[in-house]
Number of protein chains: 2
Amino acid sequence: MTVTLEQCAELLRDADRILILSHQYPDGDTLGSASGLCRALQKMGKRARCECADEIGPHYRYLYSGVEPDQFDPAFIMSVDVADSKLLGRLESAYAGKIRLAIDHHGSHVPFAEYEYVDSTAAAACEIIPTLLGLLGVEIDSQIANSLYTGITTDTGCFRYPNATPATYRTAADLMEKGADAAEINRVMFDTKSRARLEMERLAMDTMEFFEDGRVAMMEISCAMVEKTGALDSDLDGLSAIPRQIEGVLVGVTFRQRSDGGYKVSLRTQPPIDAAAICSHFGGGGHRGAAGCSFTVPLSEAKQQMLEVIRAELAIR
Amino acid sequence: MTVTLEQCAELLRDADRILILSHQYPDGDTLGSASGLCRALQKMGKRARCECADEIGPHYRYLYSGVEPDQFDPAFIMSVDVADSKLLGRLESAYAGKIRLAIDHHGSHVPFAEYEYVDSTAAAACEIIPTLLGLLGVEIDSQIANSLYTGITTDTGCFRYPNATPATYRTAADLMEKGADAAEINRVMFDTKSRARLEMERLAMDTMEFFEDGRVAMMEISCAMVEKTGALDSDLDGLSAIPRQIEGVLVGVTFRQRSDGGYKVSLRTQPPIDAAAICSHFGGGGHRGAAGCSFTVPLSEAKQQMLEVIRAELAIR
């Protein structure tokens, strides 16, 4: 059932031995909201710990500073920033059906918990937690503030994306006053690249091709590049944004080679071009500005097929 | 003399035929504060116009939407975001000595106007103007909001830099509520690259060399690259940030070839390395994290000399 944030506070006030679950392939928001809430519950004298299906990347470890490691048989299981129990990854089998409370901000949230609080106007789960902590009467310290600021800035691309609202900015301002080191967090999250990432950018940009008077840009990420650079998945995050960032480009296409030789396509478009409409021709989908699909044909043919559909879409806009 | 913002409002209330000056090599803040204030003064029924020594780049033109073009013999001359009358460029000779009011946020501000208002706690001149408009009783419309938001986001690197304070975030939130299209402004300012810029990044990254176990990265920007790509100065902005962005790099060095064959060096460092201290060995200077100097010797020798001083600096930290 759907509950209010006040009811979430009541549930947590009465709870102990609390297990907080994050989603697989964890990002700053699911880890920031989990670690921030966990530390706050521990400050309330409760036993609490966090769990995630996948390993936490080194640049996210600071989120857990001040979180006391604890092991216990959980009496209250909850999730943060998890839009669907499937996204619990390998933890799903163990916990699905036993989750008491889900706190999330995804409009696409599929209910799976006994109690559900979903605010899709929030840019991040970390934008919800400060209000919850206020209701719980926990003072936000600098470590909690760092965790919550991290989720807000990573989910909004450092306040760049349309999901960042005035409320988002104000919550961030409050967290900075509680001691969040915004400049350092943003330096680590947005101004730091691994050498493998730098290499990947170079190699991928070398493959950039332009079509339709520069309105379409296509880029390739091959398995050979990944092997050559030793790039991790985290080094590939956001690479597919590059083609559309180029001035005049309305449609940016990134072909990522799969180990089986097929290609996963990421499409990024500017209005009025509909990325989902284009990908739907190939059994894919997504949003207006960002969508995806797959090809099993050779790259040259995949590009041709893609380009034909893009041409048609450009023509009707 | 130094005045309060209330006194600035009084001066402007009594003024007409107001000329607002921006600094040379104009950025989002000097243009955003000038255009936002100009439009507000016009809404008050006053005659006002803006002037800048240099041409305004195409991606800044939207700042002047809603500003009525006007020509008149100015009765009140003021400047915004100008730290020193020298920075008026070719306009200095015409106006220096005649400037009634200077509104600025630079700690390094050198007084040059009859009345001076400098708030060095403001991240941008555009962070000051909303309060001024409140005192003037002008309603901030969406076009004014776009101008002022632009200066705030560009001067803070999209809220990334340490100069962005909670007050900065809250002013931005207020401007979004007045209609500033934050997502679109940030897309244009931070998510758009010219093809020449993309090419420059590729070519420059191809020259990246690492020293001292990856703690030092050196990159080159040659005249040939600029010629090959047809890059404008605006396409080169911020390129020198790339070497230091690489994980593990404490000292990022960019050698930019001058037309006379010499090299202009931009140094970017992470704490505790002092960029200004390193550059001072070569007659240059700057800040702890960003400094510059010049070389007339061949590149290979310049690199050697630079590296020796950097090694010494790394050794004592």
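Bear in mind the structure is a predicted one, so any value in this text is a computation, not a measurement.

1. Looking at the overall build of chain A
The helix and strand inventory of chain A stands at 13 helices and 11 strands. Taking 317 residues into account, the globule formula puts the C-alpha radius of gyration at 20 Å, and chain A, at 21 Å, falls close to it. Taking all 317 residues of chain A together, the buried fraction comes to 55%. Charge centroids of chain A, computed over 31 positive and 45 negative side chains, lie 2 Å from each other.

2. Details of the nonpolar core
The nonpolar side chains of a soluble globular protein tend to be buried, and buried together. Ranked by size, the top nonpolar core spans 108 residues in total, and within it Tyr169 of chain A together with Tyr169 of chain B carry the most contacts. In contact with Tyr169 of chain B, other than residues within four places in its own chain, are Tyr149, Phe159, Tyr169, Ala172, Ala173, Met176, Ala182 and Asn186 of chain A together with Phe159 and Ala164 of chain B. The next biggest cluster of nonpolar side chains, apart from the first, holds 34 residues, and it includes Ile246 and Val249 of chain A together with Met208 and Leu236 of chain B.

3. A short note on the environment of Ala182 of chain B
Its location among the elements puts Ala182 of chain B in helix H7 (residues 182-190). If sequence neighbours within four positions are ignored, Ala182 of chain B has contacts with Tyr169 of chain A together with Tyr149 and Met176 of chain B.

4. A short note on the packing of helix H5 (residues 142-155) of chain A against helix H6 (residues 166-177) of chain A
Residues and elements named next belong to chain A. Relative orientation of the contacting elements H5 and H6 amounts to 155°, with a least axis distance of 9 Å. Viewed along their axes, H5 and H6 adopt a mutual orientation that is roughly antiparallel. Crossing of H5 over H6 shows left-handed handedness. Residues Ala145, Leu148, Tyr149 and Ile152 of H5 lie in contact with H6, whose contacting residues are Thr168, Thr171, Ala172, Leu175 and Met176. Looking at the contact of H5 with H6 residue by residue, the classes come out as 7 nonpolar, 2 polar and no charged.

5. Brief notes about the relation of the copies chain A and chain B
Once turned by 180° and shifted 0.0 Å along the axis, chain A lies on chain B with an RMSD of 0.2 Å. The superposition operator between the copies reduces to a two-fold rotation axis. Of all interface residues in chain A, 100% are interface residues in chain B too; the two copies therefore contact each other through one and the same surface.

6. Digging into the UniProt feature "domain: DHHA1" (unreviewed entry) in chain A
In the numbering used here, UniProt assigns the "domain: DHHA1" (unreviewed entry) feature to residues 230-314 of chain A. Strand forms 26% of residues 230-314 of chain A and helix 35%; the C-alpha atoms that close the span are 37 Å apart.

7. Thoughts on the pattern of salt bridges
Summed over the entire model, instances satisfying the criterion amount to 44 salt bridges over all chains. Between Arg170 of chain A and Asp174 of chain B there is a salt bridge whose closest N-O contact spans 2.6 Å. Taken together, the positions of Arg170 of chain A in helix H6 and Asp174 of chain B in helix H6 (residues 166-177) put the pair across two chains. With a relative accessible area of 38%, Asp174 of chain B lands in the partly exposed category. Across the salt bridge formed by Arg258 of chain B and Asp260 of chain B, the nearest N and O atoms sit 3.3 Å from each other. A network of salt bridges, in which partner residues are shared, links Arg39, Lys43 and Asp141 of chain A.

8. A closer look at the interface of chain A and chain B
Every contact between the two is made by 39 residues of chain A and, on the other side, 39 residues of chain B. Buried surface at the junction of chain A and chain B, summed over both partners, amounts to about 3,500 Å²; 60% is from carbon and sulfur atoms. Between chain A and chain B we count 8 salt bridges in total. Put simply, Arg170 of chain B and Glu177 of chain A hold a salt bridge, and the shortest N to O gap is 2.8 Å. At the boundary of chain A and chain B, one finds 20 residue pairs in polar contact (both at pLDDT 80 or more). At the level of elements, H6, helix H7 (182-190), helix H8 (195-206) and helix H11 (242-245) of chain A are the ones that each hand at least two residues to the side of chain A that touches chain B. Considering every element that reaches the side of chain A that touches chain B, the biggest residue donor is H6 of chain A, with 8 residues. Of the residues assigned to the side of chain A that touches chain B, the class counts are 20 nonpolar, 7 polar and 12 charged.

9. A short note on the sheet that holds strand S10 (residues 285-286) of chain B
Residues and elements named next belong to chain B. Reading across from one edge, S6-S7-S8-S9-S11-S10 is the order of the 6 strands in this open sheet, with mixed pairing throughout. Single-partner strands in this sheet number two, and they are strand S6 (209-211) and S10. The pairing of strand S9 (residues 263-269) with strand S11 (residues 290-295) spans 6 bridges and is classified as antiparallel. Directly across from Leu267, in S11, lies its bridge partner Ala291.

10. Some remarks on the pairing of S11 of chain B
For a regular strand, side-chain orientation follows a simple rule: the groups alternate between the two sheet faces. Residue and element names in this part refer to chain B. Only one face of S11 is buried, namely the one carrying Ala291, Cys293 and Phe295, since none of Ala290, Gly292 and Ser294 on the opposite face is buried. Pairing between S10 and S11: 2 bridges, direction antiparallel. The residue bridging Gly286 from the neighbouring strand is Ala291, located in S11. Where S10 folds back on S11, the antiparallel hairpin that results is connected by 3 residues.

11. Some points on the packing of aromatic side chains
One pass over the structure, following the stated rule, counts 12 aromatic pairs over all chains. Residues Tyr169 of chain A and Phe159 of chain B carry aromatic rings whose centres are separated by 5.2 Å and whose planes lie at 85° to one another, so their mutual orientation is edge-to-face. Placement of the pair is Tyr169 of chain A in helix H6 and Phe159 of chain B in the loop between helix H5 (142-155) and H6, with the two residues belonging to separate chains. The residues Tyr169 of chain A and Phe159 of chain B share a single accessibility class, namely buried. Of the aromatic side chains, those joined through ring pairs into one cluster are Tyr149, Phe159 and Tyr169 of chain A together with Tyr149, Phe159 and Tyr169 of chain B. One cation-aromatic arrangement involves Arg195 of chain A over Phe210 of chain B; the distance from NZ or CZ to the ring centre is 3.5 Å. The aromatic ring of Phe72 of chain B is capped on one face by Arg49 of chain B, whose charged end is 4.8 Å from the ring centroid.

12. Digging into the side chain of Arg160 of chain A
Residue placement: Arg160 of chain A occurs in the loop between H5 and H6. Accessibility expressed as a relative area gives 17% for Arg160 of chain A, which makes it buried. Apart from the residues within four sequence positions on either side, Arg160 of chain A is in contact with Cys158, Ala183, Asn186, Phe190 and Asp191 of chain B.

13. Observations concerning the sheet that holds strand S5 (residues 115-118) of chain B
Residues and elements named next belong to chain B. Strand order in the open sheet made by the 5 strands is S2-S1-S3-S4-S5, with parallel pairing throughout. Strand pairing shows two members of the sheet lacking a second neighbour, strand S2 (48-51) and S5, which therefore form its edges. Within the sheet, the average angular offset between the axes of one strand and its neighbour, ignoring direction, is 20°. In this sheet, strand S3 (residues 76-80) lies alongside strand S1 (residues 18-21) in parallel orientation, the contact comprising 4 bridges. Residue pairing in the sheet places Ile18 in a bridge with Phe76 of S3. Where helix H1 (residues 5-14) meets the sheet, its contacts fall on S1, S3, strand S4 (101-104) and S5, and the angle it forms with S4 comes to roughly 135°. In the packing of helix H2 (residues 28-43) onto the sheet, the strands contacted are S1, S2 and S3, and the crossing angle to S2 comes to about 165°.

What counts, and where the lines are drawn
Residues numbered from 1 in each chain as written. Chains lettered and ligands numbered in written order. Predicted model: local features only at pLDDT ≥ 70, side-chain atom pairs only at ≥ 80, totals over all residues. Heavy atoms only, no water. Helix = DSSP H or I, 4+ residues; strand = E, 2+ residues; numbered from the N terminus. Rg over C-alpha atoms; globule rule 2.2 N^0.38 Å. Buried < 20%, exposed > 50% of the residue type's maximum accessible area, 1.4 Å probe, protein only. Lys, Arg positive; Asp, Glu negative; His and termini not counted. Charge placed at Lys NZ, Arg CZ, Asp CG, Glu CD. Core = buried A, V, L, I, M, F, W, Y, C linked by side-chain atoms within 4.5 Å. Contact = heavy atoms within 4.5 Å. Axes fitted to C-alpha atoms, helices over the stretch in contact; angles between N-to-C directions. Parallel < 35°, antiparallel > 145°, perpendicular 65-115°, else oblique. Left-handed = near helix turned anticlockwise from the far one by under 90°. Nonpolar A, V, L, I, M, F, W, Y, C, P; charged D, E, K, R; others polar. Least-squares fit on C-alpha atoms with pLDDT ≥ 70 in both. UniProt positions renumbered as here; feature names shortened; annotations may be inferred. Salt bridge = Lys/Arg side-chain N within 4 Å of Asp/Glu carboxyl O. Buried area = accessible area lost by both parts, 1.4 Å probe. Polar contact = N/O pair within 3.5 Å; in protein donor to acceptor, adjacent residues only side chain to side chain. Pairing = 2+ DSSP bridges. Phe/Tyr/Trp six-rings, centres within 6.5 Å; stacked < 30°, edge-to-face > 60°. Lys NZ or Arg CZ within 6 Å of the ring centre and 35° of its normal.

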